[in-house]
Amino acid sequence: MDNFNTTLLVAAVVIVLGICCLISAIRMKKTGKISSLIATEEELKKCKRKNDLIDELYMPFCGMGLICIFFGMFSIVDQCILEFPVVFKLFTTLIFICSCATMVSRQRKAREKYLKF
């Protein structure tokens, strides 16, 4: 597999990840059931404030989903249609990495706050 196909494959996986994050966030908000992306069933049984956990993670999950979709689409457009300047590519990659780090940090803090036993 050459570099072109690998980049497209990674971009497609990132888009799917973004869609999963969005669907998970919307489903959590509508049903009140916490996604398995956040905690296991055993941990959730001990959680007393599930709605607060959902409220705290809803926006970060939606934001991460949208950023993943944007980054994946940007990568596909860059590979197939246009060639963006390197500075722009680095800037979008930096935004993607920072959003991943922020999402992990916010999820960890929410888990410690609501799932600590």
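Our structure is the block above this text.
Just so it is clear, the structure is predicted and the values come from calculations on it, not from any experiment.

K.L.:
Looking at this model, I keep getting lost on the pattern of salt bridges. Mind explaining?
P.N.:
If charged atoms from side chains of opposite charge come close, those side chains can pair. Applying the stated criterion across every chain, the model contains six salt bridges. The partner of Asp 55 in a salt bridge is Lys 29, with the nearest N and O atoms 2.8 Å apart. With a gap of 26 residues between them, Asp 55 in helix H3 (residues 50-80) and Lys 29 in helix H1 (residues 3-31) connect regions that are remote in the sequence. When its relative accessible area of 46% is taken as the criterion, Asp 55 is described as partly exposed.

K.L.:
What exactly am I supposed to notice about a positive patch on the surface here?
P.N.:
Together, Arg 27, Lys 33, Lys 48 and Lys 50 make up a region of like positive charge exposed at the surface. Structurally, Lys 48 can be placed in the loop between helix H2 (41-46) and H3.

K.L.:
Explain the packing of aromatic side chains here, please?
P.N.:
Counting across every chain of the model gives five aromatic pairs. Measuring from ring centre to ring centre gives 6.3 Å for Phe 70 and Phe 74, while their planes differ by 25°; the resulting arrangement is stacked. In this pair, Phe 70 and Phe 74 are both assigned in helix H3, four residues apart and thus about one turn of the helix distant. Taking the centre distance of 5.5 Å and the plane angle of 50° together, the rings of Phe 84 and Phe 88 count as tilted. Connected via pairs of aromatic rings, a cluster forms that spans Phe 70, Phe 74, Phe 84 and Phe 88. Across the ring face of Tyr 58, the terminal group of Lys 29 is positioned such that the distance to the ring centre comes to 5.1 Å.

K.L.:
Just checking my understanding: could you explain helix H4 (residues 86-114) for this structure?
P.N.:
Every α-helix carries 3.6 residues per turn, so stepping three or four residues along brings you back to the same face. Over its 29 residues, H4 extends 42 Å from the first C-alpha to the last, a length consistent with the 42 Å expected when each residue adds 1.5 Å. Buried within H4 we find Thr 92, Phe 96, Ser 99, Met 103, Gln 107, Ala 110 and Tyr 114.

K.L.:
Help me out: how do you make sense of the packing of H3 against H4 in this one?
P.N.:
In a pair of packed helices, the angle between the axes and the distance between the axes together describe the arrangement. Between H3 and H4, the shortest axis-to-axis distance is 10 Å and the interhelical angle comes to 160°. Between H3 and H4, the angle falls in the class roughly antiparallel. Considering how the two elements wind past one another, H3 and H4 form a crossing that is left-handed. Tallied by class, the residues present in the contact of H3 with H4 amount to 16 nonpolar, four polar and six charged.

K.L.:
It is not clear to me how the nonpolar core should be interpreted in this structure. Could you clarify?
P.N.:
One broad rule of soluble globular proteins: the nonpolar side chains tend to lie buried together. Counting residues in each nonpolar core, the largest one holds 23 residues, and the members touching the most others are Ile 34, Ile 38, Leu 53 and Phe 61. Listing elements by their share of this core, those giving two or more residues are H1, H3 and H4. With eight residues, the top contributor of residues to this core is H3. Setting aside its immediate chain neighbours within four residues, Ile 38 contacts Met 28, Leu 53, Leu 57, Phe 61, Gln 107 and Arg 111.

K.L.:
What am I meant to see in H3 here?
P.N.:
Compared with the 45 Å implied by 1.5 Å per residue over 31 residues, the 43 Å span of H3 between its first and last C-alpha is a close match. Along its length, H3 reaches its greatest deviation from straightness, about 35°, at Leu 57, and the proline Pro 60 lies no more than four positions downstream.

The rules we used
Residues numbered from 1 in each chain as written. Predicted model: local features only at pLDDT ≥ 70, side-chain atom pairs only at ≥ 80, totals over all residues. Heavy atoms only, no water. Salt bridge = Lys/Arg side-chain N within 4 Å of Asp/Glu carboxyl O. Helix = DSSP H or I, 4+ residues; strand = E, 2+ residues; numbered from the N terminus. Buried < 20%, exposed > 50% of the residue type's maximum accessible area, 1.4 Å probe, protein only. Patch = residues over 30% accessible without salt bridge, like charges linked within 9 Å, V, L, I, M, F, W, Y side chains within 5 Å. Areas by Shrake-Rupley, 256 points an atom, 1.4 Å probe, with all protein chains shown as cover. Lys, Arg positive; Asp, Glu negative; His and termini not counted. Charge placed at Lys NZ, Arg CZ, Asp CG, Glu CD. Phe/Tyr/Trp six-rings, centres within 6.5 Å; stacked < 30°, edge-to-face > 60°. Lys NZ or Arg CZ within 6 Å of the ring centre and 35° of its normal. Expected span 1.5 Å × (residues − 1). Axes fitted to C-alpha atoms, helices over the stretch in contact; angles between N-to-C directions. Parallel < 35°, antiparallel > 145°, perpendicular 65-115°, else oblique. Left-handed = near helix turned anticlockwise from the far one by under 90°. Nonpolar A, V, L, I, M, F, W, Y, C, P; charged D, E, K, R; others polar. Core = buried A, V, L, I, M, F, W, Y, C linked by side-chain atoms within 4.5 Å. Contact = heavy atoms within 4.5 Å. Bend = angle between axes of the 7 residues up to and from the residue.

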